[in-house]
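# Structural description and commentary
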Amino acid sequence: MSGHKLLFSGLKFWTPGSNKWINRLHDGVKRSGTVSFSSGNPKVCIVGSGPAGFYTAQHLIKARQDVEVDIYERLPVPFGLVRFGVAPDHPEVKNVINTFTQTANHSRCSFYGNVNVGKDVSVEELQQAYHAVVLSYGAEGNRSMGVPGEDLAGVYSAKDFVGWYNGLPSCRELSPDLSCETAVVLGQGNVALDVARILLCPLDILKSTDITQLALEALAESKVRRVLIVGRRGPVQVACTIKELREMVNLPDTRPEMVAADFEGVQEAVNDLPRPRKRLTELMLKTAMEVPGEKEQERRKKASRVWGFRFFRSPVEVLSDPDHKRTAGIRLAINMLEGSGESARAVLTGEVEDVTCGLVISSIGYKSLPIDASVPFDSHRAIVPNIMGRVQQATGLYCSGWLKTGPTGVIATTMNNSFDTARSVVEDMDSRRLDVSAGKPGSQSISALLDERGVKPVLFSDWEKIDALETRRGEAIGKPREKLLTVEEMLLEARK
Amino acid sequence: MAASAAVRSSMGLTLRLSRVIPDCSTCPFHRLKSCVGIVANSLRNRSFDNFQTINRHLQTSIGLYHSEEGTSGAEDSDDVVNVVYVDRSGKRIPIKAKVGDNVLYLAHKHGIELEGACEASLACSTCQVYVSPAHYDKLPEPDEREDDMLDMAPMLQENSRLGCQITLTPELEGMELTLPKVTRNFYVDGHVPKPH
């Protein structure tokens, strides 16, 4: 009789377009202690549900018809930096969520949120349960400036500031002090430009985005009117891209303020630059040096907010007010460039300059952290050492995304990077370097472990309840969504 | 934003004309209520007048669904544009397409692995293609915003364009669209070689 039931469920499993209920029936059979038909399928576990995790999953599922992929995520909600990093006024960049949703809803993919790998379950336990484990948990730390005064009130990392306005639960209580006139952002990459833009963006643009209500209210009270975006090197070395620069140039009610001397020699160097750098530098030159036409002059005169790049400056100390409690300014060392192009180096001249400001945001890079002692970690470069995504000195362990190559690049870069890792995994399965002939228990054993430990995963269908609630709340106030700001609220909705 | 909204609604029209939007009633996924498009649409509460990639599920190879679109009335020779996609492995895939077809969604329709992360809103570069030199000049000049996105594309070449911005016309007959081989090129130190 049990044999019959087994056969029935086995047949059902291979029906195309299988739904979740079939998986549950299947689980039911497994739980009763019989061997399941799917024990032969290769099972891959992915840690992290941002773009790297999802693109790796997408490629794996497509490349082999038998692979089953489980994605584990620490938060109850998926999508990583697409949800918490992409600026609220860049909704089109978030369209990629539709692709990820499709992957998550695929019959051979499962999402398990609210599971902290490294704490609730170890990487070793995952390796025992799965044929391959892909680490794609990104970079949750940040590079510190390493200067005195960094811990003063009024100094924040861009990672935390962005997390704050994007509703990352751990940044909810940041309460950045926006009561000063000038803010200094250190770093000139896209994140620095996002921060500057959000600080200066007219409220009626922001209020119809998915920026959190908390941040919106704080920005409504903000006294910040001037943002300086400071970099160690020169105009030709900025790390931002032209789209973000154009947005700053076109930001309503703002005007640019640059130092002409910073651009000495740049016009002459422009023609030899490769196309992306050339177009970017030309736009910067135009904004900084060109005398604007009448209409633009009028617009600039009326603008109430100012932004500008400052070049050849490195932070040496954050200066405090007389009570030593809050930021009152920043001391910057003046640099000169040695060499040119991408490899130019900033060299101290010995001179310094003090800039009055009440807000300092350091945007000098994210940094990956080790989450499990058993995983090799290069703390100098803050990545997991790997070749083509295969973690060195470990079989069955892979990495993709920023954890693999370091925290730079846009979604397209991460996509290619993840496809590459997935290809390595598939190659290893096909070539038997990874032995997938022996069955592995996959999520079944991990679910049992988590259950024992009192950890209850959030499934994708549970996330969809959170998604629906956030969308409803947003609709009520003219926003695409109003994000839940605490893990508790997310779990409450997920369990309904 | 208005410009992109205009592009989006005209794309919707193009999709309807080229019959990329499917007739759901015959689809087994629709009948089993496991069509991702339906779930996604109902959650976002949008109509097909908005620009979206409803055929997206073809990409993750629940690939049974090609048949409906195969002969989309391409018998009328005035309307036919033959193009060839060259995928990342070098395989040539000739397609009998129609005037007005969008290069990105045409690829999706035929299971060719061209990603379109931002869904044709000029916010990414994942649909980058290399256009055959003879046809590159026949394309209209890229919008400044397309150029901005291309600047970020890995392995950018002189003949790079974004697939989502190319609409087929009769003079593009014989055009070849090669997918960039952005593979095996990520070194441990993050070095990315220049295009060649």
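About the thresholds
Residues numbered from 1 in each chain as written. Chains lettered and ligands numbered in written order. Predicted model: local features only at pLDDT ≥ 70, side-chain atom pairs only at ≥ 80, totals over all residues. Heavy atoms only, no water. Buried < 20%, exposed > 50% of the residue type's maximum accessible area, 1.4 Å probe, protein only. Helix = DSSP H or I, 4+ residues; strand = E, 2+ residues; numbered from the N terminus. Arc of directions from axis to C-beta. Contact = heavy atoms within 4.5 Å. Core = buried A, V, L, I, M, F, W, Y, C linked by side-chain atoms within 4.5 Å. Salt bridge = Lys/Arg side-chain N within 4 Å of Asp/Glu carboxyl O. Pairing = 2+ DSSP bridges. Axes fitted to C-alpha atoms, helices over the stretch in contact; angles between N-to-C directions. Phe/Tyr/Trp six-rings, centres within 6.5 Å; stacked < 30°, edge-to-face > 60°. pLDDT = per-residue confidence, 0-100.

### So, helix H5 (residues 96-104) of chain A
- The buried fraction of H5(A) amounts to nine of the nine residues, a majority that puts the element mostly inside the structure.
- What H5(A) keeps buried is the set Val96(A), Ile97(A), Asn98(A), Thr99(A), Phe100(A), Thr101(A), Gln102(A), Thr103(A) and Ala104(A).

### Let's talk about unusual backbone geometry
- A positive phi angle, close to 60°, is found at Gln393(A), a residue other than glycine.
- Inspection of the secondary structure puts Gln393(A) in the loop between strand E17 (390-391) and strand E18 (397-399).
- Of note in the backbone geometry, Leu122(B) takes a positive phi value of approximately 55° without being a glycine.
- Secondary-structure assignment places Leu122(B) in the loop between helix H5 (103-109) and strand E3 (128-131).

### Quick look at helix H19 (residues 487-494) of chain A
Residue and element names in this part refer to chain A.
- What H19 keeps buried is the set Met490, Leu491, Glu493 and Ala494. Summarising the axial view, the buried residues of H19 lie within an arc of 165°, below the 170-degree limit, and thus occupy one face. Across H19 from its buried face, at more than 90 degrees, point the exposed residues Glu488 and Leu492.
- Where H19 is buried, its residues meet helix H4 (80-84) and helix H18 (460-476).

### So, the nonpolar core
Residues and elements named next belong to chain A.
- Ranked by internal contacts, the top residues of the largest apolar core, which has 52 residues, are Leu199, Val227, Phe309 and Leu359.
- The leading source of residues in this core is helix H8 (residues 190-200), at seven residues.
- Those residues in contact with Phe309, other than ones at most four positions away along the chain, are Gln188, Leu193, Ile229, Cys240, Leu245, Glu257, Met258 and Met284.
- Counting 48 residues, the second-largest nonpolar core is a separate cluster that includes Leu60, Phe111, Ile411 and Leu484.

### Re the pattern of salt bridges
- In this structure the tally under the stated criterion is 40 salt bridges over all chains.
- Two residues, Asp210(A) and Lys94(A), come together in a salt bridge whose shortest N-O distance is 3.0 Å. With a gap of 116 residues between them, Asp210(A) in the loop between helix H9 (203-206) and helix H10 (213-220) and Lys94(A) in the loop between H4 and H5 connect regions that are remote in the sequence. Note on accessibility: Asp210(A) and Lys94(A) belong to one class, buried.
- Two residues, Lys479(A) and Glu482(A), come together in a salt bridge whose shortest N-O distance is 2.6 Å.
- In this structure Lys479(A) comes out as buried when scored by relative accessible area, which is 5%.
- A network of salt bridges, in which partner residues are shared, links Arg246(A), Arg275(A), Arg279(A), Glu144(B), Asp147(B), Asp148(B) and Asp151(B).

### Quick notes on the sheet that holds strand E10 (residues 305-310) of chain A
Residues and elements named next belong to chain A.
- Ordered in space as E6-E14-E7-E8-E10-E9, the six strands form an open sheet in which the pairing is parallel. Here the strands that pair on one side only, and so sit at the sheet edges, are strand E6 (155-157) and strand E9 (254-256). Sheet twist, expressed as the mean angle between neighbouring strand axes with direction ignored, is 20°.
- Examined bridge by bridge, strand E7 (residues 182-186) and strand E14 (residues 359-362) share four bridges and lie parallel to one another. The residue bridging Leu186 from the neighbouring strand is Ser362, located in E14.
- Lying on the sheet, H8 is in contact with E7, strand E8 (226-230), E9, E10 and E14; it crosses E8 at an angle near 175°.

### Considering the packing of aromatic side chains
All names here are of chain A.
- For the structure on display, the rule yields 17 aromatic pairs over all chains.
- Consider the rings of Phe79 and Phe460, whose centres lie 6.4 Å apart with planes at 75°: the pair is edge-to-face. Linking Phe79 in the loop between strand E2 (68-72) and H4 with Phe460 in helix H18, this pair joins segments that are 381 residues apart in sequence.
- The exposure class of Phe79 is buried, given its relative accessible area of 1%.
- Between Phe111 and Phe460, the aromatic rings sit 5.9 Å apart at their centres with planes inclined by 85°, giving edge-to-face as the arrangement. Taken together, the residues span a long stretch of sequence, with Phe111 in strand E3 (residues 109-112) and Phe460 in helix H18 at a distance of 349 residues. In this structure, Phe111 and Phe460 share a single accessibility class: buried.
- Taken together, the aromatic side chains of Phe54, Tyr55, Phe79, Phe100, Phe111, Phe419, Phe460 and Trp463 make up a single cluster linked through ring pairs.

### Describing the confidence of the model for chain B
All names here are of chain B.
- Chain-level pLDDT for chain B is 73 on average; 54% of the residues reach the 70-or-more range.
- Note that residues 15-21 has pLDDT below 50 and, in this model, 20 contacts with residues that lie over four places away or in other chains.
- Every residue in residues 38-74 is under pLDDT 50, and counting partners more than four places away or in other chains gives 81 contacts.
- Under the prediction, the complex receives an ipTM of 0.82, its pTM being 0.82.

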